[in-house]
Amino acid sequence: MQLFTFGINHQTAPLSIREQVAFHADRMEEALRDLTTQTPVKEAAILSTCNRTEVYCNTKQGEAALDWLARYHQLKRSVIQPYLYALPQAEAARHAFRVASGLDSMVLGETQILGQMRQAVKTAEHAGTLGMLLHKLFQRTFAVAKEVRTSTEIGASSVSMAAAAVRLAERIFPSIAEQNVLFIGAGEMIELCATHFAARHPKHILVANRTEERARLLADRHHGSAIALTDLPEHLANYDIVVTCTASPLPILGKGMVERALKARRHRPIFMVDLAVPRDIETEVAELADVFLYTVDDLGEVVKQGMDNRQAHVGQAEAIIEARVETFVHWMETREMVPTIRGLRDHAERYRRHELERAQKMLARGDDPHEVIDVLSRALTNKFLHLPTHALSHASDNERQELATLLARMYSLHHE
């Protein structure tokens, strides 16, 4: 078992790099199967969010897995190499525990990442790429995250990305209650944003999604309306605030579409928040004079508010994680001994069966049962002790004392 984790996140790579290695949700299972069939990777799970793309796997050839990431996204390894981190064994477990506990997030202590990790595990299970090692890793990961969140206040006063978007909007507009708000997408992040913006009672809420039915379900909860993504161009000009987060591999809002909307609005400003990775809004849109465009990285400063209180509990959380890493590493090391233990037991079982058959034959021909039991016990004792005794007798001078110490420990021997 060789646990290996690699990837990039908001601390190591800018958005322009992260979006190049993001995995589309609809193709995640295909990617997992490709990784485990085209490389020497036995197990795999992929965590792909707006802030990170990470691959958790069981492999002795980490370099092959790293090459696969670049090849799968049709990139040269050199393009992403400066931003990659590669973590073996204990470091990989520690990283998983920190991520799930919210210690590695842009928003310290945020809880959304835990749900995203659970979804990554479900996807890997469905793809058939989750084996014993990763199953145990994530089982421990979720238990550690729960312990950290219940034993510390790491999540107290946490400002979510959704709340940060509202705060930024309130810097642009005196009152959100006087604005029309457009949400593009209908996933978890958009649902969170819709809840926060709806609490400010905007004039109107519109939800645009690839599947109009799903958009309508979200819109109905907030007394809004819904449209299909294909109808977006004719509605964009009517909205002052646009929040988007879809799984589209290509931008949904191009510079030309936004320019036409601004012209129809007579250049009244539009506040835009793009929480998607890859981005839903073309980067050139930020160049337009009447657009206030914020990406997921731009919200970083806002979410740092309230950080001091949570930072005080990081040490306590790290101590919990370190203790659990030690336990998990011990489990992995124990599993490495399983083939040896199984071989030892098989060896002993062969002895047992052989002597049992011999004893049964003696009983069948009428031998004294007490004598049969005595012969059986002596034979088993001699066979079990033959190999260690032979090894000790034939050991070299350099090996003899070390072997004697080891045997004394194994058999609890006490010398005067």
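Residues numbered from 1 in each chain as written. Predicted model: local features only at pLDDT ≥ 70, side-chain atom pairs only at ≥ 80, totals over all residues. Heavy atoms only, no water.

Colleague: I keep staring at the state of the cysteines and nothing clicks. Help me out?
Modeller: By definition, a disulfide is the covalent link that joins the sulfur atoms of two cysteine residues. Applying the stated criterion to the full structure yields zero disulfides. Among the cysteines around Cys193, which has no disulfide bond, Cys245 carries the closest sulfur, lying 7.6 Å off. Looking at Cys193, the relative accessible area reads 0%, which means it is buried. In this structure Cys245 is a free cysteine whose sulfur lies 6.5 Å from that of Cys50, the closest cysteine sulfur available. (Disulfide = S-S within 2.5 Å. Buried < 20%, exposed > 50% of the residue type's maximum accessible area, 1.4 Å probe, protein only.)

Colleague: Explain the UniProt feature "binding site: NADP(+)" (unreviewed entry) in the protein chain here, please?
Modeller: Mapped onto the present numbering, the UniProt feature "binding site: NADP(+)" (unreviewed entry) falls on Gly185, Ala186, Gly187, Glu188, Met189 and Ile190. Inspection of the secondary structure puts Gly187 in the loop between β5 (180-184) and α9 (188-198). As for its position among the elements, Ile190 is in helix α9. Dropping the residues within four chain positions of it, Ile190 is found in contact with Phe183, Ile184, Gly185, Leu218, Val243, Thr244 and Cys245. (UniProt positions renumbered as here; feature names shortened; annotations may be inferred. Helix = DSSP H or I, 4+ residues; strand = E, 2+ residues; numbered from the N terminus. Contact = heavy atoms within 4.5 Å.)

Colleague: Explain the pairing of strand β7 (residues 225-228) here, please?
Modeller: Along any regular strand the residues' side chains alternate between the sheet's two faces. Bridging between strand β6 (residues 204-209) and β7 involves four bridges; their strand directions are parallel. Note on β7: the bridge partner recorded for Val207 is Ala226. Taken together, β6, helix α10 (residues 212-221) and β7 form a β-α-β motif whose crossover is right-handed. (Pairing = 2+ DSSP bridges. Right-handed = clockwise from strand over helix to strand, strands pointing away.)

Colleague: Honestly, the nonpolar core in this entry has me stumped. Any pointers?
Modeller: Nonpolar side chains tend to gather and get buried jointly when the protein is soluble and globular. Formed by 64 residues in total, the largest nonpolar core has its most connected members in Leu3, Tyr56, Met117, Leu137, Phe138 and Phe328. It is helix α15 (residues 314-336) that contributes the most residues to this core, nine residues altogether. Not counting residues within four places of it along the chain, the set of residues in contact with Met117 comprises Leu47, Tyr56, Ala96, Val99, Ala100, Phe138, Thr141 and Phe142. Of all hydrophobic cores here, the second largest spans 39 residues; its members include Leu15, Cys50, Phe183 and Val277. (Core = buried A, V, L, I, M, F, W, Y, C linked by side-chain atoms within 4.5 Å.)

Colleague: How do you make sense of the packing of helix α6 (residues 112-127) against helix α7 (residues 132-151) when you look at a structure like this?
Modeller: Two quantities define a packed helix pair, namely the angle between the axes and the distance from one axis to the other. Axis separation between α6 and α7 bottoms out at 11 Å; the angle between their running directions is 165°. Our classification of the angle between α6 and α7 gives roughly antiparallel. As for how α6 packs across α7, the hand of that crossing is left-handed. Side by side, α6 and α7 meet where Ile113, Leu114, Met117, Arg118, Val121 and Glu125 of the first sit next to His135, Phe138, Thr141, Phe142, Ala145 and Arg149 of the second. Broken down by class, the residue content of the contact of α6 with α7 amounts to seven nonpolar, two polar and three charged. (Axes fitted to C-alpha atoms, helices over the stretch in contact; angles between N-to-C directions. Parallel < 35°, antiparallel > 145°, perpendicular 65-115°, else oblique. Left-handed = near helix turned anticlockwise from the far one by under 90°. Nonpolar A, V, L, I, M, F, W, Y, C, P; charged D, E, K, R; others polar.)

Colleague: When you look at α7 in this model, what are you seeing that I'm missing?
Modeller: Residue pairs three or four apart in sequence face the same way in an α-helix, which turns once every 3.6 residues. Compared with the 28 Å implied by 1.5 Å per residue over 20 residues, the 28 Å span of α7 between its first and last C-alpha is a close match. Taken residue by residue, α7 has Leu133, Leu134, Leu137, Phe138, Thr141, Phe142, Val144, Ala145 and Val148 as its buried positions. Considered in projection along α7, the buried side chains sweep an arc of 165° and stay on one side of the axis. Summarising the geometry of α7, the exposed residues directed more than 90 degrees from the buried face are Lys146 and Thr150. (Expected span 1.5 Å × (residues − 1). Arc of directions from axis to C-beta.)

Colleague: Even after reading the chapter, I still don't get helix α2 (residues 28-38), so can you show me in this structure?
Modeller: Listed as buried for α2 are Met28, Ala31, Leu32 and Leu35. Looking straight down α2, one finds that the buried residues subtend no more than 100° of arc, so they occupy a single side. Exposed residues on α2 whose side chains face more than 90 degrees from its buried face are Thr37 and Gln38. At its buried positions, α2 is contacted by β2 (43-48), β3 (52-58), α3 (62-72) and α6.

Colleague: What is the right way to look at the domain arrangement of the protein chain in this model?
Modeller: For an interface, size is often stated in terms of accessible area lost upon the parts coming together. The domain boundaries assigned to the protein chain delineate domain 1 (3-157), domain 2 (161-300) and domain 3 (344-411). With centres defined by C-alpha atoms, the gap from domain 1 to domain 2 works out at 29 Å. Across the contact, 14 residues belong to domain 1 and 15 residues belong to domain 2. Of the roughly 1,300 Å² buried at the junction of domain 1 and domain 2 (both faces included), carbon and sulfur atoms supply 61%. Looking at the side of domain 1 facing domain 2, the largest losses of area belong to Leu15, Glu19 and Gln112, adding up to 41% of the total buried there. Our count for the domain 1 to domain 2 interface comes out at three salt bridges. Residues Asp297 and Arg18 are paired through a salt bridge, measuring 2.6 Å at the closest nitrogen-oxygen approach. Among the elements that line the side of domain 1 that touches domain 2, the one with the most residues is helix α1 (residues 15-18), at three residues. Each residue belonging to the side of domain 1 that touches domain 2 can be placed in one class, and the counts come to six nonpolar, five polar and three charged. (Domains from an automatic or database assignment. Buried area = accessible area lost by both parts, 1.4 Å probe. Salt bridge = Lys/Arg side-chain N within 4 Å of Asp/Glu carboxyl O.)

Colleague: What exactly am I supposed to notice about the sheet that holds β3 here?
Modeller: Either a parallel or an antiparallel arrangement is found when strands of a sheet pair, and the pairing is made through backbone hydrogen bonds. Taken in spatial order, the four strands line up as β2-β3-β1-β4 in an open sheet, and their pairing is antiparallel. The two strands at the open ends of the sheet, each matched to only one other strand, are β2 and β4 (85-88). Going from strand to strand, the sheet's axes swing by 15° on average, the running direction of each strand aside. When strand β1 (residues 3-9) meets β4, the two strands line up antiparallel, connected through four bridges. When the bridges of β4 are listed, Thr5 appears paired with Leu87. In the packing of α7 onto the sheet, the strands contacted are β1, β2 and β3, and the crossing angle to β2 comes to about 40°.

Colleague: Where do I start with the side chain of Arg279 in this structure?
Modeller: Residue position: Arg279 is located in the loop between β9 (270-274) and β10 (291-295). Arg279 sits in the buried class, given a relative accessible area of 15%. At 2.8 Å, the side chain of Arg279 and the side chain of Glu19 are in polar contact. The contacts of Arg279, once residues within four sequence positions are left out, are Leu15, Ser16, Glu19, Leu250, Pro251, Asp274 and Thr295. (Polar contact = N/O pair within 3.5 Å; in protein donor to acceptor, adjacent residues only side chain to side chain.)

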